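Chain residues, written in single-letter form:
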Amino acid sequence: TDAQEALDVAFLCAGQSRGFTKTPPELMREWIGGSPEGVRDAAVFGVRDADKTLSGVVMTGVYGDGSEKGPVAWVRMVAVRPDRQNRGLGRALVRAAIAHGKRCGATRAFLAADDENKNGVHLYQSLGFVPKMDEEEIAMWRRRP
């Protein structure tokens, strides 16, 4: 139920990013219930309104333990219901994902944004992520201060 509710939030954002239409329920259940292959300490954080409606969600976990640069907090699928956007929920979710990564030993953070997701890219840059352009996706890195 939680997995489907989280995906419903993402699907509401489908017009903002191509990635929100491709996430299967099994993937969300895997992130809620454990850790996908190659990722440890997977977690899904959500924000609920006073009426208990799930308004936003983010998936996160840590990978790259063997890297000489240190482990990476992966911030994945940040989604906020369109009618609840521009209230700081996305910022709070990304900060929660980064804090989780730090608690789990990550020394930097990574996320990818669809090149069509202008609002998301602006948010991530305001939080210190630096873009590296690709054809359809923007890889963004944030180093620990």
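1. Notes on the overall build of the protein chain
Along its length, the protein chain carries four helices and six strands. Secondary structure elements in the protein chain, listed N-terminal to C-terminal, are α-α-β-β-β-α-β-α-β-β. Within the protein chain, the proportion of its 145 residues that are buried is 44%. If you take every contact in the protein chain between residues at least 6 apart in sequence, the share linking residues at least 24 apart comes to 55%. Element-wise, carbon and sulfur atoms account for 49% of the exposed surface of the protein chain, whose accessible area totals about 7800 Å².

2. What to know about the layout of surface pockets
The space that makes up the second largest pocket amounts to roughly 410 Å³. Contributing to the lining of the second largest pocket are 19 residues, with Q85, N86, G90, N119 and L123 lying nearest its centre. Sort the elements by how many residues they give to the lining of the second largest pocket and helix α4 (residues 118-126) lands first, with five residues. Split by residue class, the lining of the second largest pocket holds eight nonpolar, nine polar and two charged.

3. A closer look at the nonpolar core
In terms of nonpolar packing, the biggest core is built from 22 residues, with V58, V75, V78, V94, I98, Y124 and F129 touching the most fellow members. The set of elements that each furnish at least two residues to this core consists of β2 (54-63), β3 (72-80), α3 (89-103), β4 (108-114) and α4. By residue number, the principal contributor to this core is α3, which donates five residues. Formed by 16 residues, the second largest nonpolar core is a distinct cluster that contains A6, V9, C13 and L54.

Criteria and thresholds
- Residues numbered from 1 in each chain as written.
- Predicted model: local features only at pLDDT ≥ 70, side-chain atom pairs only at ≥ 80, totals over all residues.
- Heavy atoms only, no water.
- Helix = DSSP H or I, 4+ residues; strand = E, 2+ residues; numbered from the N terminus.
- Buried < 20%, exposed > 50% of the residue type's maximum accessible area, 1.4 Å probe, protein only.
- Contact = heavy atoms within 4.5 Å.
- Areas by Shrake-Rupley, 256 points an atom, 1.4 Å probe, with all protein chains shown as cover.
- 1 Å grid on protein atoms, 1.4 Å probe; cavity = no way out; pocket = protein on both sides within 12 Å on 5 of 7 lines; lining within 4 Å.
- Points joined across faces, edges and corners; volume = space filled by probe spheres on them.
- Nonpolar A, V, L, I, M, F, W, Y, C, P; charged D, E, K, R; others polar.
- Core = buried A, V, L, I, M, F, W, Y, C linked by side-chain atoms within 4.5 Å.

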